[in-house]
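Coordinate analysis (summary)
Here is how the chains run, residue by residue.
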Amino acid sequence: MHTLADAVPEPYWLRQPGAPPATDPLASAETADLAVIGAGYSGLWTALLAKERDPSRDVVVVEAGTAGWAASGRNGGFCAASLTHGFDNGLSRFPDEMDTLERLGRQNLTEIEETVRRHAIDCDFARTGELHVATAPWQLRDLSAYQSAAAERGLDVRLLDRDAVRAEVDSPTYLGGVWDRDGCAMLDPARLVWGLRRACLDLGVRLYENTRVDRIEGLAGGLRLQTLRGRVDAPRIALATGAYSNLLRRLRHYVIPVYDYALMTEPLTADQLATIGWRHRQGIGDSGNQFHYYRLTTDNRILWGGYDAVYYRGGRITTDHDQREETFRILARHFADTFPHLADVRFTHKWGGVIDACSRFSGFFGTAYSGRLAYAAGYTGLGVGATRFGAKVMLDLLDGGRTELTSLKLVRSKPVPFPPEPVRTGVIQLTRWSIAQADRHDGRRNLWLRTLDRVGLGFDS
Ligand SMILES: Cc1cc2nc3c(=O)[nH]c(=O)nc-3n(C[C@H](O)[C@H](O)[C@H](O)COP(=O)(O)OP(=O)(O)OC[C@H]3O[C@@H](n4cnc5c(N)ncnc54)[C@H](O)[C@@H]3O)c2cc1C
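Model, not experiment: these values are computed from the prediction.

**Concerning the packing of aromatic side chains**
By convention here, two paired aromatic rings are described through the distance between centres and the angle between planes. Using the criterion set out here, one finds 18 aromatic pairs in the structure. Ring plane angle 80 degrees and centroid distance 5.4 Å describe the contact between Tyr259 and Tyr312, whose orientation is recorded as edge-to-face. Separated by 53 residues along the polypeptide, Tyr259 in strand E14 (residues 256-265) and Tyr312 in the loop between strand E17 (302-306) and helix H9 (325-338) bring together distant segments of the chain. As far as burial versus exposure is concerned, Tyr259 and Tyr312 are alike and both buried. Put simply, the rings of Trp278, Tyr294, Trp304, Phe335, Phe339 and Phe347 touch in pairs and so form one group of aromatic residues. The ring of Trp179 carries the charged tip of Arg181 above its face, separated from the ring centre by 4.7 Å.

This is how it looks when you write it as structure tokens:
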């Protein structure tokens, strides 16, 4: 497609000026009170909160690449209050806990906003809310049910008919929508990472980038992280490696690496933006099983992503998968269908990244090595906000006491495991096909999807 011809094959956010120079890799034997593996949001929030809880705690973070190079620096920047990958998913899986989870999720988002302010993190945080739009009649039914259930719980969610939603953002594909007015913020994901990284360093966290942890070994009274040229011994470890589950065997049953793709347009002119409105600058998601997410940047580009979540045979993670021309062409076509007035707007960047998907779509938590290691994973494409909650959970688990968070069913339960390969690949491809069929046939779920729904096993972007 001509609009893709000049797109640079790299994440827009990580290409911006302002990336900090990498720290030196680890090349010595270190000790710490807490060692964190991974410097995405999950690891950085864990280190920051650990320091904020106890400034005297000696915290080391070890990162295989540079902070935020993976999912955390290349996502859509939707920072949602939801801890459960959306209200409907939470209500279906944790109905008795939903009020608490919503309260904790909103509190988490507010605390993120306060942290951004307190540490002067320049990441364009804007609590615009999110517009969920229906592009097929069956989606209207689902959105209406979601709006009533959410409004009953006192959430500020408004049902918009076709005219009202098109008055917000004008697309001929919109049939109606729900505007969640304060449950989501838009932010610049890479600059959030860089800001959290700086805040950690300012508080005395020691960070070693370009240092892969090769294995974890038990020691008397603690654990050892072994790297190529050094090691860290610590009584407590937080494992925050996202989709990279190889350090802890049990995670492989629960986490699969799924690739998600996005495009960024050139900045729109004022006239181009005026053709679609979008004065409130909300994040937008459409409501099919395969959905797009899109948003404006501060300089009025449109980030356009989602729809085509891809699991590669055998669950291989490689930078080769960060580019997928077939998906970029689909995304570009859907963009032009959604905004015909902008059909000639050019894309400047195209990229993909790996998501830590699990079968219940929302993060799960646990400990290993007799409680000396805590992990959080499985955010399934909605971890920008929820990883901070997960960081608090990991710190509570490592402290050992029972807290409000560690008592939650969300925290105490695990997703249904995925079957091993090669069955896993077959199950996922069949599920993808069925999901696409459901979207084409009025949302009707076939026998396969209904069976998966019954056992709580899902696949989603
Ligand atoms: C294209 C895309 C769009 C997305 N859009 C959104 C969105 O709009 N909103 C949203 O909420 N979520 C979104 N997500 C998901 C979100 O980005 C993730 O949920 C979140 O970033 C996960 O953070 P994390 O720290 O757990 O993982 P990551 O950011 O993946 O960080 C894990 C880190 O661990 C390191 N690591 C792994 N193994 C080792 C090892 N052995 N030794 C040392 N370090 C190691 C890695 O190098 C990596 O830096 C999106 C994801 C993608 C890919």
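And the narrative resumes.
**Some remarks on the site of the ligand**
Glu63, Trp69, Ser72, Phe78 and Val384 are the nearest of the 37 residues found near the ligand. Taking Ala71, its main chain carries an N or O atom lying 3.3 Å from an oxygen atom of the ligand. Val213 places a polar main-chain atom, nitrogen or oxygen, 2.9 Å from a nitrogen atom of the ligand. Contact with the protein chains removes 98% of the 1,000 Å² of surface that the ligand exposes when unbound. Those elements that provide at least two residues to the shell around the ligand are helix H1 (41-53) and strand E18 (347-357). Among the elements that line the shell around the ligand, the one with the most residues is E18, at three residues.

**Overview of the sheet that holds strand E1 (residues 29-31)**
The sheet built from four strands is open, its strands ordered E1-E12-E11-E10 with mixed pairing. Only two strands of the sheet have a single partner each, and these edge strands are E1 and strand E10 (213-219). Geometrically, the sheet is characterised by an average inter-axis angle of 20 degrees between neighbouring strands, direction not taken into account. One ladder, built from three bridges, connects E1 with strand E12 (residues 231-234); its direction is parallel. Directly across from Thr31, in E12, lies its bridge partner Asp233.

**Some thoughts on the environment of His334**
Topologically, His334 is positioned in helix H9. When its relative accessible area of 15% is taken as the criterion, His334 is described as buried. Sequence spacing of His334 and Thr128 is 206 residues, and the spatial spacing of their C-alpha atoms is 24 Å. Within the local environment of His334, its side chain forms a polar contact with the side chain of His292, the two groups lying 2.7 Å apart.

**Here's the deal with the side chain of Arg224**
Residue placement: Arg224 occurs in strand E11 (residues 222-227). Classification of Arg224 by relative accessible area gives buried; the value is 18%. A polar contact is formed between the side chain of Arg224 and the side chain of Asp233, at a distance of 2.7 Å.

**Digging into the pattern of salt bridges**
Evaluated as defined, the whole model comprises 32 salt bridges. The residue Arg106 makes a salt bridge to Asp182 at a minimum N-O spacing of 2.7 Å. In this pair, Arg106 sits in helix H3 (residues 98-118) while Asp182 sits in the loop between strand E7 (176-180) and strand E8 (184-186), placing the two residues 76 residues apart along the sequence. Using a relative accessible area of 31% as the deciding quantity, one classes Asp182 as partly exposed. With a shortest N-O distance of 2.7 Å, Arg215 and Glu217 are connected by a salt bridge. Each of Glu102, Arg106, Asp180 and Asp182 takes part in salt bridges that share partners, so that together they form one network.

**Points about the sheet that holds strand E5 (residues 130-134)**
The sheet built from eight strands is open, its strands ordered E6-E7-E5-E15-E16-E17-E14-E18 with mixed pairing. Since the sheet does not close on itself, it has two edges, and those belong to strand E6 (157-160) and E18, each with one partner. Direction aside, neighbouring strands of the sheet carry axes that sit 20 degrees apart on average. Pairing of E14 with E18 involves 10 bridges; the strand directions are antiparallel. Note on E18: the bridge partner recorded for Tyr261 is Gly352. Packed onto the sheet, H9 meets E14, strand E16 (292-296), E17 and E18 and runs at close to 50 degrees relative to E14.

Rules behind the numbers
Residues numbered from 1 in each chain as written. Predicted model: local features only at pLDDT ≥ 70, side-chain atom pairs only at ≥ 80, totals over all residues. Heavy atoms only, no water. Phe/Tyr/Trp six-rings, centres within 6.5 Å; stacked < 30°, edge-to-face > 60°. Helix = DSSP H or I, 4+ residues; strand = E, 2+ residues; numbered from the N terminus. Buried < 20%, exposed > 50% of the residue type's maximum accessible area, 1.4 Å probe, protein only. Lys NZ or Arg CZ within 6 Å of the ring centre and 35° of its normal. Near = heavy atom within 4 Å. Polar contact = N/O pair within 3.5 Å; in protein donor to acceptor, adjacent residues only side chain to side chain. Areas by Shrake-Rupley, 256 points an atom, 1.4 Å probe, with all protein chains shown as cover. Pairing = 2+ DSSP bridges. Axes fitted to C-alpha atoms, helices over the stretch in contact; angles between N-to-C directions. Salt bridge = Lys/Arg side-chain N within 4 Å of Asp/Glu carboxyl O. Contact = heavy atoms within 4.5 Å.

Note that all results are geometric; they support no functional claim without further evidence.
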